[in-house]
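# Examination of the molecular architecture
The chain contents come next:
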Amino acid sequence: MSDASDLPPDVEKLVGEVQYEEEGEFPVERGYVWTTCSSVENGNPLFWDDAVAQELTNGPIAPPTMLSVWFRPHNWSPGRTEPAVPLQVHFDLKERFGLPEAVMTDNTIVFYEPVRPGDRLHTRQILKSVSEEKTTKLGTGRFWVIDVEYLNQRDELVGVESYTGFGYRRGEA
């Protein structure tokens, strides 16, 4: 449901609808996990030691905080004709409302099933709400909340990222 009483009908009908279902370009793999853990000096044996992973989680898992890593588009991919853009609903709203600037003001992640090496993840974006027009120190625009749901190849929910964005026009504060 939307927060805005002045929401255009074409945007109102998108609230709660699944959009931009997408499969990850590559499977979850341990090399990426180890590289990520190494880059931040994460020595948690859960991610490095198979015996510990077996005891604690019934096998190796990826760090939950890597959830969005599997959907960061490569700069190039065979057959791609358009640039890959993450969080497309956000960019659609900026264009629809003529808001050239935007910031993310909040991001939360809820984790469900563990992500394991070999998993093929897919996502879908859901517009949760759009505010009425508001004026802040940045400018005049709208806040919106977008959920990105992550599922594995068995359609088990592995996580949900919720983004709050503010699209705005400068100089109107």
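As shown above, the structure is provided for reference.
The text that follows walks through the structure, step by step, so that each part is easy to find. In this numbering scheme, every chain counts its residues from 1 along its sequence in written order. The model is predicted, so local features are restricted to residues of pLDDT at least 70 and side-chain atom pairs to those at 80 or more, both for listing and for counting; the totals for chains, interfaces and linings are taken over all residues. Calculation of side-chain values draws on the structure's entire complement of heavy atoms; hydrogens and water are dropped beforehand.

## With respect to the overall build of the chain
Note on conventions: DSSP H or I runs of at least 4 residues are helices, E runs of at least 2 residues are strands, and numbering of each starts at the N terminus. Looking only at helices and strands, the chain features five helices and six strands. Each helix and strand of the chain, placed in order from N terminus to C terminus, yields the pattern α-β-α-α-α-α-β-β-β-β-β. Projected onto its principal axes, the C-alpha positions of the chain cover 55 × 35 × 30 Å. Across the 173 residues that make up the chain, the buried fraction comes to 40%. Exposure classes here rest on a 1.4 Å probe applied to the protein chains alone. A residue is buried below 20% of its type maximum, exposed above 50%, and partly exposed in between.

## What about the nonpolar core?
If you look at soluble globular proteins, the nonpolar side chains tend to sit buried side by side. If you look at the biggest cluster of nonpolar residues, it comprises 32 residues, and the most contacted ones within it are Trp70, Leu93, Phe97, Val115, Leu127, Val130 and Trp144. Elements with a contribution of two residues or more to this core: α2 (30-39), α3 (45-48), α5 (88-97), β3 (122-130), β5 (140-151) and β6 (157-169). The biggest single contributor to this core is β5, with four residues. Only heavy atoms matter for contacts: two residues are in contact if any of them lie within 4.5 Å across the pair. Residues in contact with tryptophan 144, not counting those within four places in the same chain, are His90, Leu93, Lys94, Phe97, Leu99, Leu127, Ser129, Val130, Tyr163, Thr164, Gly165 and Gly167. For the purposes of this section, nonpolar cores are sets of buried Ala, Val, Leu, Ile, Met, Phe, Trp, Tyr and Cys residues that join through side-chain atoms within 4.5 Å.

## Section: the environment of asparagine 42
Within the fold, asparagine 42 resides in the loop between α2 and α3. Distance in space between the C-alpha atoms of asparagine 42 and leucine 99 is 39 Å, their sequence separation being 57 residues. What asparagine 42 contacts, discounting residues up to four positions off in sequence, is Cys37, Phe47 and Trp48.

## Description of the pattern of salt bridges
Should their charged atoms come close, side chains of opposite charge can pair. The working definition used for a salt bridge is a side-chain nitrogen of Lys or Arg within 4 Å of a carboxyl oxygen of Asp or Glu. In total, this model carries nine salt bridges according to the counting rule given. The partner of arginine 142 in a salt bridge is aspartate 6, and the shortest N-O contact between them spans 3.4 Å. With a gap of 136 residues between them, arginine 142 in strand β5 and aspartate 6 in the segment before α1 (9-12) connect regions that are remote in the sequence. When its relative accessible area of 7% is taken as the criterion, arginine 142 is described as buried. A relative accessible area of 40% places aspartate 6 in the partly exposed class. Residue arginine 170 is joined to glutamate 101 by a salt bridge in which the shortest nitrogen-to-oxygen separation is 3.4 Å. Here the residue arginine 170 occupies a position in the segment after β6, and glutamate 101 occupies one in strand β2 (residues 101-111), the gap between them amounting to 69 residues. Since its relative accessible area comes to 27%, glutamate 101 is described here as partly exposed.

## Here we look at the pairing of β5
The buried fraction of β5 is high, at ten of twelve residues. For two strands to be treated as a pair, DSSP must find at least two bridges joining them. Pairing analysis gives eight bridges linking β3 to β5, with the strands arranged antiparallel. Residue serine 129 lies in a different strand from β5, and its bridge partner there is valine 145. In the sheet, strand β4 (residues 134-135) pairs with β5 via two bridges, with the strands oriented antiparallel. The residue bridging lysine 134 from the neighbouring strand is glycine 141, located in β5. In this structure, the hairpin formed by β4 and β5 is closed by a connection of four residues, where glycine 139 is found at a positive phi of approximately 155°. Pairing analysis gives twelve bridges linking β5 to β6, with the strands arranged antiparallel.

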